[in-house]
Amino acid sequence: MKNNLKEIEINKSFIKLGEFLKLACVCATGGEAKLLIINSKVKLNGEICTMRGKKLTGGDIVSVNNMEYMVKYEAN
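Here is a short report on the structure shown in this document. In this text the structure is predicted, and so the values were computed from the model without any measurement.

Strand order in the open sheet made by the 5 strands is E1-E7-E6-E3-E4, with mixed pairing throughout. The open sheet is flanked by strand E1 (5–9) and strand E4 (47–48), the only strands paired with a single partner. Pairing analysis gives 2 bridges linking strand E3 (residues 43–44) to E4, with the strands arranged antiparallel. Residue pairing for E4: lysine 43 is matched across the bridge by isoleucine 48.

Now for the pattern of salt bridges. One pass over the full model with this rule turns up 3 salt bridges. For lysine 72, the salt bridge identified is with glutamate 7, shortest N-O distance 3.7 Å. Taken together, the residues lysine 72 in strand E7 (residues 67–72) and glutamate 7 in strand E1 connect sequence positions 65 residues apart. The partly exposed category is assigned to lysine 72, whose relative accessible area is 28%.

On to the environment of glutamate 19, then. Here glutamate 19 shows up in helix H1 (residues 17–23). Considered as a pair, glutamate 19 and lysine 55 are 36 residues apart in the sequence and their alpha carbons are 9.8 Å apart.

Before going further, it helps to examine the nonpolar core. In this structure, Leu17, Phe20, Leu21, Val42, Leu56 and Val62 are the most contacted members of the largest nonpolar core, which totals 20 residues. For this core, the elements supplying multiple residues, two or more each, are H1, helix H2 (30–38), strand E6 (61–64) and E7. When near neighbours in sequence (up to four residues on either side) are disregarded, leucine 56 contacts Ser13, Phe14, Ile15, Leu17, Phe20, Leu44, Val62 and Val71.

Cut-off values and rules
Residues numbered from 1 in each chain as written. Predicted model: local features only at pLDDT ≥ 70, side-chain atom pairs only at ≥ 80, totals over all residues. Heavy atoms only, no water. Pairing = 2+ DSSP bridges. Helix = DSSP H or I, 4+ residues; strand = E, 2+ residues; numbered from the N terminus. Salt bridge = Lys/Arg side-chain N within 4 Å of Asp/Glu carboxyl O. Buried < 20%, exposed > 50% of the residue type's maximum accessible area, 1.4 Å probe, protein only. Core = buried A, V, L, I, M, F, W, Y, C linked by side-chain atoms within 4.5 Å. Contact = heavy atoms within 4.5 Å.

In structure tokens, the structure reads:
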């Protein structure tokens, strides 16, 4: 695992990108998340993503501010 990759655990099968950024403590509010996303500052699996409501699932990697966050989900 890369040093700048953090695993963020979710407790449901998917999470929206804006919610994920708040959960990962990248930003404090949905408004901040929206600005990052619409200003093309967020990549999803290596591609710029401008869809705040994009559904993320286990294994997806979000890149922002030189950090990477992997969505971790394990079904019970």
